[in-house]
Amino acid sequence: TDEYTAGGGIFTSDDATILRSLISSNNAGVGGGIDINAIDTITVNIIESTIAENVAKSDEYAGGGGIRNGNAGEGGGTLIIRDSTIRDNQSTFEGGGLTNSGTLQMSRSTVSGNLAGNAGGIGNWGIANIDNSTISGNRASSEFDPVEIPSLFLFYRTGDGGGIYNSSIVVAPF
């Protein structure tokens, strides 16, 4: 898979709803499972779905092994995740589970078992509202070197943010 490809399972630049679906075992440079390629103008709903075992292989861009919502510094759309699971995804750079550069609204969902150089579970450069959700068992590792991706630049992988790496605003009500 070329590191400049996007959306191994789904690529969208328009409104979309993913309902009771399984997006798994896909590969791309960014957005291994799903790539949302828009700035501020679209809404993608993921409801009662599982995003699992996807891989983002780019070592230069905010990867999003499971989901990438926009590109860091450029913004993204609105991503609403409800009653869903994002698990066992990988990104060589950032956001094993997902990266968000727009608005993320997550409720009653689980992000677990994801792996990345930074931001094992969630990498946030936008606004993230996370409610009644579980983020556990994710890992950020500077030594991440999966067999299927033989040459990586270690410079980018600092191992920060196992669960959430935040560079913007996160609201997590208690």
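So, here's what we can say about the structure. Being a predicted model, the structure only gives us computed values, none of them experimental.

Quick look at the overall build of the chain now. Across its full length, the chain holds 0 helices and 22 strands. Residue burial in the chain is summarised as follows: out of 174 residues, 51% are buried. Relative to all contacts within the chain whose residues are 6 or more apart in sequence, the contacts with residues 24 or more apart total 77%. Per element, the accessible surface of the chain, about 7400 Å² overall, is 46% carbon and sulfur.

As a further point, take the pattern of salt bridges. Taken as a whole and judged by the stated rule, the model has 5 salt bridges. A salt bridge links Glu48 to Arg20, with the nearest nitrogen and oxygen atoms 2.8 Å apart. Here the residue Glu48 occupies a position in the loop between strand 6 (43-47) and strand 7 (50-52), and Arg20 occupies one in the loop between strand 2 (16-19) and strand 3 (22-24), the gap between them amounting to 28 residues. For Arg20, a relative accessible area of 60% translates into the label exposed. One salt bridge connects Arg87 with Asp88, and the closest N-O pair in it is separated by 3.0 Å. Here the salt bridges share partners, and the residues they tie into one network are Glu53, Arg87 and Asp88.

Let us look at the side chain of Asn69. Within the fold, Asn69 resides in strand 9 (residues 67-69). Other than its neighbours up to four places away in sequence, Asn69 contacts Ile36, Gly76, Gly77, Leu79, Thr99, Asn100, Ser101, Gly102 and Thr103.

In terms of nonpolar packing, the biggest core is built from 20 residues, with Ile67, Ile81 and Met106 touching the most fellow members. For this core, the elements supplying multiple residues, two or more each, are strand 5 (34-36), strand 6, strand 10 (78-82), strand 14 (103-107) and strand 18 (127-131).

The next thing to look at is the environment of Ala140. With respect to the secondary-structure elements, Ala140 resides in strand 20 (residues 139-140). Residue Ala140 is classed as buried on the basis of its relative accessible area of 15%. The sequence separation of Ala140 and Gly95 amounts to 45 residues, and the corresponding C-alpha distance is 8.8 Å.

With parallel pairing, 5 strands are arranged side by side in an open sheet as 3-7-11-15-19. Both outer strands of the open sheet, strand 3 and strand 19 (134-136), are each paired with one neighbouring strand and no more. Across the sheet, the mean angle separating the axes of adjacent strands is 5° when strand polarity is ignored. Where strand 15 (residues 110-112) meets strand 19, 3 bridges bridge the pair, whose relative direction is parallel. Looking at the pairing, Thr110 lines up with Thr134 of strand 19.

The rules behind each value
- Each chain carries its own residue numbering, running from 1 in the direction its sequence is written.
- Two thresholds apply to this predicted model, a pLDDT of at least 70 for residue-level local features and 80 or more for giving and counting side-chain atom pairs, whereas whole-chain, interface and lining totals are computed over all residues.
- Side-chain numbers here rest on the full set of heavy atoms in the structure, without hydrogens or water.
- Where helices and strands are cited, they refer to DSSP runs of H or I of at least four residues and of E of at least two residues respectively, numbered from the N terminus.
- Each residue gets one of three labels from its accessible area relative to the maximum for its type: buried under 20%, exposed over 50%, partly exposed in between, using a 1.4 Å probe on protein chains only.
- The criterion used for residue contact is that any of the two residues' heavy atoms lie within 4.5 Å.
- With residues, only the protein chains shown are counted as cover, and all accessible areas are computed by Shrake-Rupley using a 1.4 Å probe.
- Definition used for salt bridges: Asp or Glu carboxyl oxygen within 4 Å of a side-chain nitrogen of Lys or Arg.
- Side-chain atoms within 4.5 Å link the members of a nonpolar core, which is a set of buried Ala, Val, Leu, Ile, Met, Phe, Trp, Tyr and Cys residues.
- DSSP calls a pair of strands paired once it identifies at least 2 bridges connecting them.
- Between the N-to-C directions of two axes lies an angle of 0 to 180 degrees, each axis being a line fitted to C-alpha atoms and, for a helix, fitted only over the stretch in contact.

Everything listed here is a matter of geometry and, on its own, says nothing about what the molecule does.
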